[in-house]
Amino acid sequence: MTIRLYVPKDACAIACGADEVAAAIEAAALKRRVPVEIVRTGSRGMLWLEPLVEVGTAEGRIGYGPVSADDVEALVEAGLFEGGAHELRIGRPEDHPFMARQTRLTFARCGIVDPASYSDYCAMGGYKGLERALALGPVEIIEEVRKSGLRGRGGAGFPTAIKWKTVADAKADRKYIVCNADEGDSGTFADRMIMEGDPFQLIEGMTIAGIAVGATKGFVYTRSEYPHAIWAMQKAIDIARAHGMLGVNIAGSQYSFDMEVRMGAGAYVCGEETALLDSLEGGRGTVRAKPPLPAHKGLFQKPTVINNVLSLVAVPHILADGAQKYADFGMGRSRGTMPIQIAGNVKHGGLFETAFGIPLGELINDIGGGTASGRPVKAAQVGGPLGAYVPPWQFDLPFDYEAFAAKDALIGHGGIVVFDETADMAKMARFAMEFCAAESCGKCTPCRIGSTRGMELMDRIMRRERLDANIAVLTDLCHTMKLGSLCALGGFTPYPVMSALTHFPEDFGVTPRKLEAAE
Amino acid sequence: MPHYEPWSEARAREVINELVHLEGPLMPMLHAIQETFGYVPEPVVPMLAETLNQSRAEIHGVVTFYHDFRHEPAGRHVLKLCRAEACQAAGGDALADHAEQRLGCKLGETTADGRVTVEPIYCLGLCATAPSAMLDGRIVARLTERRLDNLIAEAQS
C-alpha cells in the first residue's frame, strides 16, 4: 500500500529546508522500495516546528518536526512510515496544544489540503459559501455579511458590508474587486500562508464579493517578496477557471467573474488602499485624498471593493455557516476570529487563529512560550511597523480593535513581534522614522519631511544632545504627523515612536519623572 | 544564478507587446523587462511612453518610485537580508554588520569584483523563523552567522 506523507511547501517551510526534506524522504523510500506519495501542503502554522512532516496512519496524520534532511534516515529507521516513536514525533498535529486551543475558520484547511487540489478544497467544505451565495442573491449576501459583524482585517477595521453596499448601490458600467494582499508589515504572514496553503478560499471569497456588488473582474495585488504565494495563487486561478468556477457563468449561474494576480515592486506604501489602486493602474504608488472613496471612484475611477485577504477569506464561512455563527465569536464590536501572527524573538512563533478578546500576554508568554533567547520580554510591537510597542505591564490588553485604540495602540493586521530585554527602544523609534522616510510616497508634507526630521531628532537624542528640548520637539512632531498626514504611514509612525518613549524613557536617556514634567 | 539577456530594443518591444492587452499594463511590463534584462534600461522609458501614450516623465516617475526596479545591472548574485523589525528582534542587526564586513561593502552596494550585490529587504514574511535572507530568489530562514557565511561563500564562488 502506498504510504502518504505530507511535507509543507509554504515559503516558511521551504526556507527551513522542506524541499530538501521531501527529496530525502523520497530517496529513503526508494532505497527501501517502499511506495510513498508525498503531498505538498500549506503550513499548519506551528512555524517553529517547520519543516513539519506528517504521515497518514490508521490513527490519523502523525507529525514530526522540525525535521532536517539529515534527520530523515534516522526517522525512517525509527518507523516514520508507520508513525513510529522518535524524539521529533509530536503526535497528531490537531491535538497539539498550540492547535487545540485555536478556533480555526479561515485556516481550517491550511496545512491539511493540497493547495493545488480542487477536490481537496471541495471535500473540506469549499465552495459551500458560493453555493449559498448564489441561492441568496446580491442583497441577501450583503445582509449576511452585515449581520456577521465582519470588519476589515487589514487594520482599519471598517465594516465590510458598508463598503460592499456602497459599491452595490453605485451605478457604473464596470466595477472591480481588489484584494489587498500587499502584506508588508513585519511580523505578518497570514495572507501569504492563505495564498500558499488555501488559495481557492480567496478565489471563493472574491467571487462572492463580485456577485454581491455586481463586479466581474478581480485583482489580487501582492508583493514581489512573495514569489511562492504568487505562484500558488496563479495556479489555483487556472484550476478554478478550468472547473468553471471563474470566467463566464460561474458554476453554471448567470454571474461572471474572473481574476488576475498582480505584483507590487517593493513599495510598502502600496499596502495603503488608494496607493495600491494607483500602482495597479500603472502609476507611482501615491496616496489619494478621500473623498472620493474607492467605493465610488476606485480602480480606473470605477466603483471598487478593496478588501484585505483575511476579510475576503472570512466571507465563504459566513455564507456557508450563517452570519450568526460567525458573530457568536469575539467581543464587543470585534466579531469573529482573527488569525494572529506571533513572531520575532519568540519560542513558539506561528499562526494562531482565535476569537477576538484573548489577552496579549497569553499570546506571547503562554502560547508563544516567551522569547526564543530565554531572556525576559521587553516589549511587543503589535500591528506592524506602524504599531505601538506594548510593554509587559500592559499585556492584560485584550486583542480587540477598541481596547487597543484606547491605549494608543492598534492591532493592525494582527502581527505581534516580540523583543527581549536587549532591544534598544530608542533605536527602534529611530527605525520607525527611518522606515517612514524610506517608504513615504511623498504626497503629504508631515510624512515626507516629518519622518526625515524625526530621524535627525532621534540621532540627536541618541547622542544625548539637548535632551529635553529635542524630546519636546519630537513629541510635537509626532503630534503633527499623527493629525496632519494623509494616510496611516505618516499618521501612525508616531505610535511606535511615542510608545517607545512613553514606556521606555530610560532608553532615551530620560527618567520617567522628567518626561512627565516635559509634557 | 539568474541568466539575463543582453539589451536589445527588438526584444524589449516584444516583451512590451505581449502585455499591452492587460488593464493597467505598466507594472507587469516593467517587471517583465527587468526579468528579461536584469534591470530596466533607460531606452525602455521612451518606448513605454509611446506605447502607453504617456510622457517620459510619467514613466520615469514610476520606474524610480519602486525599490525593486534597478537602473543598472546588479552583481552576479543578489543577497537580500531582511532588515524589518521581526528580524531585528531575532539578531538581524549583527548579521547585517557581519555581511557588510565579509563582503567589504555596505547594504545596497555591489562588491568591487561585481560578484555580489547585497541589499536590505523589508520583510519576506518569514517572521516566525527570523532572521531571514534571500539569495537569488532562494529563501533561507533561521539564519545564523554560519549559515550566512555559507550563503556568502556560495554567492562569491
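In this text, all values refer to a predicted model and were calculated from it rather than measured experimentally.

1. Brief notes about the overall build of chain B
Then, in step 1: Looking only at helices and strands, chain B has seven helices and five strands in total.
Then, in step 2: Taken from N to C terminus, the helices and strands of chain B fall in the order α-α-α-α-β-α-α-β-β-β-β-α.
Then, in step 3: Each principal axis of the C-alpha distribution contributes one length, and for chain B these read about 50 × 30 × 25 Å.
Then, in step 4: A sequence separation of at least 24 residues applies to 58% of the contacts in chain B between residues at least 6 apart.

2. As for the environment of A:Gly415
Then, in step 1: Its place among the elements puts A:Gly415 in strand E16 (residues 415–420).
Then, in step 2: Not counting chain neighbours up to four residues away, the residues in contact with A:Gly415 comprise A:Asp185, A:Gly187, A:Thr188, A:Gln341, A:Ala343, A:Gly383 and A:Gly384.

3. Considerations on the domain arrangement of chain B
Then, in step 1: As far as domains go, chain B holds domain 1 (9–65) and domain 2 (77–156).
Then, in step 2: A separation of 30 Å is found between the C-alpha centroids of domain 1 of chain B and domain 2 of chain B.

4. Some remarks on the interface of chain A and chain B
Then, in step 1: Taken residue by residue, the interface counts 44 residues in chain A and 33 residues in chain B.
Then, in step 2: Those elements that provide at least two residues to the side of chain A that touches chain B are helix H1 (11–15), strand E8 (258–263), helix H12 (273–281), strand E12 (337–344) and E16 of chain A.
Then, in step 3: Residue contributions to the side of chain A that touches chain B peak at four residues, all from H1(A).
Then, in step 4: Class assignment of the residues belonging to the side of chain A that touches chain B gives a composition of 23 nonpolar, 14 polar and seven charged.

5. A few points about the nonpolar core
Then, in step 1: Membership of the largest hydrophobic core comes to 229 residues, with the highest contact counts inside it found for A:Val178, A:Cys179 and A:Ala380.
Then, in step 2: Excluding residues that lie within four positions of it along the chain, A:Cys179 makes contacts with A:Leu202, A:Met206, A:Gly218, A:Phe219, A:Val220, A:Tyr221, A:Asn307, A:Val309 and A:Leu312.

6. Things to note about the packing of helix H9 (residues 190–197) of chain A against helix H13 (residues 309–321) of chain A
Residues and elements named next belong to chain A.
Then, in step 1: Contact pair H9 / H13: the axes reach a minimum separation of 9 Å and the direction vectors enclose 50°. One finds that H9 runs oblique with respect to H13. Within the contact between the two elements, H9 uses Ala190, Asp191 and Ile194 and H13 uses Val309, Leu310 and Val313.
Then, in step 2: Residue composition of the contact of H9 with H13, grouped by class: five nonpolar, no polar and one charged.

7. Focus: unusual backbone geometry
Glycine aside, the phi torsion of most residues is negative, and most peptide linkages are trans.
Then, in step 1: Residue A:Pro292 is bonded to the preceding A:Pro291 through a cis peptide linkage, with omega at 0°.
Then, in step 2: Relative to the assigned elements, A:Pro292 resides in the loop between H12 and strand E9 (304–308).
Then, in step 3: That bond from B:Ala130 to B:Pro131 is cis: its omega, -5°, falls within 30 degrees of zero.
Then, in step 4: Turning to its location among the elements, B:Pro131 is positioned in the loop between strand E3 (116–121) and strand E4 (133–135).
Then, in step 5: The backbone of A:Phe300 sits at a positive phi, close to 50°, despite the residue not being glycine.
Then, in step 6: Here A:Phe300 is to be found in the loop between H12 and E9.
Then, in step 7: The phi torsion at A:Arg464 lies on the positive side, around 60°, for a residue other than glycine.

Conventions and cut-offs
- Residues numbered from 1 in each chain as written.
- Chains lettered and ligands numbered in written order.
- Predicted model: local features only at pLDDT ≥ 70, side-chain atom pairs only at ≥ 80, totals over all residues.
- Helix = DSSP H or I, 4+ residues; strand = E, 2+ residues; numbered from the N terminus.
- Contact = placed C-beta atoms within 7 Å.
- Domains from an automatic or database assignment.
- Nonpolar A, V, L, I, M, F, W, Y, C, P; charged D, E, K, R; others polar.
- Core = buried A, V, L, I, M, F, W, Y, C linked by C-beta atoms within 7 Å.
- Buried ≥ 20, exposed ≤ 12 C-beta atoms within 10 Å, placed from the backbone.
- Axes fitted to C-alpha atoms, helices over the stretch in contact; angles between N-to-C directions.
- Parallel < 35°, antiparallel > 145°, perpendicular 65-115°, else oblique.

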